[in-house]
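Reading the structure
Below, each chain spelled out in residue letters.
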Amino acid sequence: MTAPIIRTKADLHALTLGWRRAGEVIGVVPTMGALHEGHLSLVAAAKVGCDRVIVTIFVNPKQFNDPKDLEDYPRTENEDARKLARFSVDAIYVPDPDQIYPDGFSSTVSVAGVADELEGEHRPGHFDGVATVVTKLFTQTMADKAYFGEKDYQQLQVVTRLSADLDLGTEVVGCPTIREEDGLAMSSRNLLLSDRARIKAPALNAAMERAKERIEAGEDMTTVLGEAKAQVLAAGFNAVEYLELRAVGTLAAVTTLEGPARLLAAAQLAGVRLIDNIAVG
Ligand code: PAF
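Summarised in this report is the structure supplied together with it. A quick note: this is a predicted structure, and the numbers were derived from the prediction, not measured. (Residues numbered from 1 in each chain as written. Predicted model: local features only at pLDDT ≥ 70, side-chain atom pairs only at ≥ 80, totals over all residues. Heavy atoms only, no water.)

Let us now look at the packing of helix H7 (residues 126-141) against helix H8 (residues 153-165). Where H7 contacts H8, the two axes come as close as 10 Å, and the packing angle between them is 50°. For the element pair H7 / H8, the angle class is oblique. With respect to the hand of their crossing, H7 and H8 are arranged in right-handed fashion. Side by side, H7 and H8 meet where Phe 127, Val 130, Ala 131, Val 134, Thr 135 and Phe 138 of the first sit next to Gln 154, Gln 155, Val 158, Val 159, Leu 162 and Ser 163 of the second. Partitioning the contact of H7 with H8 into residue classes produces 8 nonpolar, 4 polar and no charged. (Axes fitted to C-alpha atoms, helices over the stretch in contact; angles between N-to-C directions. Helix = DSSP H or I, 4+ residues; strand = E, 2+ residues; numbered from the N terminus. Parallel < 35°, antiparallel > 145°, perpendicular 65-115°, else oblique. Left-handed = near helix turned anticlockwise from the far one by under 90°. Contact = heavy atoms within 4.5 Å. Nonpolar A, V, L, I, M, F, W, Y, C, P; charged D, E, K, R; others polar.)

Pasting the structure below:
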């Protein structure tokens, strides 16, 4: 069944208020659309964990630090609604831009620490944009639970911190990354890869998996990470922005593997920026 598409916060509020009064658990899956199996796995998890499920679709201009990236971002609303039909979600919230950023909007939510490095360093302002829109989406939907993919591992840590710090009352639930058969992490940006680039793209995950095995086997971390970057470049990527081992949760730098860690990477391939991360240890 196709869910109603809601475009104003007043209409959304009218729905969610009824659900809250009935004591129902509301789940939200925040997205920027161009839905793929990764998003749909979040919807499936929300359907299991909640009485009501709202999927939000909003291409948030404040989290793009490159205007070209914002312009190129795929927008496929009708197709998205069709993909959601089989899940019988309760609402698809596609807010008009002024419902999120009305005239005169001048507030920014900024998370320190966990947002500062990696993506924070390479995409200045990105996490401020994410934190601001997520705060608005949590409050507008009045969600009890929100579902995010581990694919954007740093984002997951940022929104978890944010929701706890600001008492937003929304429990953040992280769900595993969904991959293509060749290991490429599913992402809306994969749609932007040319056929040639798509063939090269799994090399990032392959190099990370090899690095994980070597680190877990006790090899020297600097050597292993240096060689992994070289493998990614040799496979045809244009640049590796970072490929680093960090502590789970805090994302503090790790020099020796002493506990559960995360290997995170961002790399450029033919004009498309790909990110990935995997558990190590
Ligand atoms: O992960 C995304 O798609 C976006 O960053 C999010 C969480 C929907 C905020 O715009």
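Further notes follow.
Around the ligand, a shell composed of Pro 30, Thr 31, Met 32, Asn 60, Gln 63, Val 133, Phe 148 and Gln 155 is seen. Contact distances for the ligand include 2.6 Å between an oxygen atom and a side-chain N or O atom of Gln 63. When the free accessible area of the ligand is taken as 290 Å², the share hidden by the protein chains comes to 90%. Per-class residue counts for the shell around the ligand are 4 nonpolar, 4 polar and no charged. (Near = heavy atom within 4 Å. Polar contact = N/O pair within 3.5 Å; in protein donor to acceptor, adjacent residues only side chain to side chain. Areas by Shrake-Rupley, 256 points an atom, 1.4 Å probe, with all protein chains shown as cover.)

With that settled, consider the environment of Ile 199. As for its position among the elements, Ile 199 is in helix H9 (residues 195-200). Put simply, Ile 199 and Gly 236 are 37 residues apart on the chain and 10.0 Å apart in space, counted from C-alpha to C-alpha.

What follows deals with the sheet that holds strand S9 (residues 272-280). Spatially, S7-S8-S9 is the arrangement adopted by the 3 strands of the open sheet, whose pairing is antiparallel. Unpaired on one side and paired on the other, strand S7 (239-247) and S9 mark the two borders of the sheet. Adjacent strand axes in the sheet meet at a mean angle of 10° when their direction is disregarded. Sheet topology note: the strand S8 (residues 261-269)/S9 ladder contains 9 bridges and is antiparallel. Across the sheet, the residue bridging to Leu 269 is Val 272, located in S9. (Pairing = 2+ DSSP bridges.)

A few words now on helix H11 (residues 221-234). Between the first and last C-alpha of H11 there are 20 Å, a value that for 14 residues agrees with the 20 Å anticipated at 1.5 Å per step. For H11, the full list of buried residues reads Met 221, Val 224, Leu 225, Ala 228 and Val 232. The buried residues of H11 all sit within an arc of 95° when viewed along its axis, so they share a single face. In this structure, H11 carries Thr 222 and Ala 234 as exposed residues pointing more than 90 degrees from its buried face. (Expected span 1.5 Å × (residues − 1). Buried < 20%, exposed > 50% of the residue type's maximum accessible area, 1.4 Å probe, protein only. Arc of directions from axis to C-beta.)

Glancing now at unusual backbone geometry. For Asp 167, which is not glycine, the phi dihedral falls at a positive 50°. Turning to its location among the elements, Asp 167 is positioned in the loop between H8 and strand S6 (171-175). Even without a glycine there, the phi angle at Leu 251 is positive, about 65°. Examined against the element boundaries, Leu 251 turns out to sit in the loop between S7 and S8. Given the relative accessible area of 5%, Leu 251 is considered buried.

Applying the stated criterion across every chain yields a total of 2 cavities of 30 Å³ or more. One number sums up the size of the largest cavity: a volume of about 770 Å³. Together, 45 residues line the largest cavity, and Met 32, His 39, Tyr 73, Asp 152 and Gln 155 are the ones closest to its centre. The set of elements that each furnish at least two residues to the lining of the largest cavity consists of strand S2 (26-31), helix H2 (37-49), H7, strand S5 (145-149), H8, S8 and S9. Looking at the lining of the largest cavity, the element that brings in the most residues is H7, giving 6 residues. In the lining of the largest cavity, the residues fall into 21 nonpolar, 16 polar and 8 charged. Considering the residues around the second largest cavity, the lining is formed by 13 residues, among which Leu 184, Ala 185, Leu 204, Leu 274 and Ile 275 are closest to the centre. (1 Å grid on protein atoms, 1.4 Å probe; cavity = no way out; pocket = protein on both sides within 12 Å on 5 of 7 lines; lining within 4 Å. Points joined across faces, edges and corners; volume = space filled by probe spheres on them.)

Right, let's talk about the side chain of Thr 177 for a bit. Inspection of the secondary structure puts Thr 177 in the loop between S6 and H9. For Thr 177, a relative accessible area of 18% corresponds to the buried category. At 3.1 Å, the side chain of Thr 177 and the backbone nitrogen of Lys 151 are in polar contact. Excluding its chain neighbours within four sequence positions, the residues that come into contact with Thr 177 are Glu 150, Lys 151 and Ala 185.

Turning to the layout of surface pockets, a few remarks are in order. Approximately 260 Å³ is the volume found for the largest pocket. Lining the largest pocket are 13 residues, with Asp 66, Asp 69, Arg 189, Gly 271 and Arg 273 sitting closest to its centre. For the lining of the largest pocket, the secondary-structure elements that each account for two or more residues are helix H3 (67-72) and S9. Element by element, the count of residues in the lining of the largest pocket is highest for H3, at 3 residues. Counted by class, the lining of the largest pocket contains 2 nonpolar, 4 polar and 7 charged residues.

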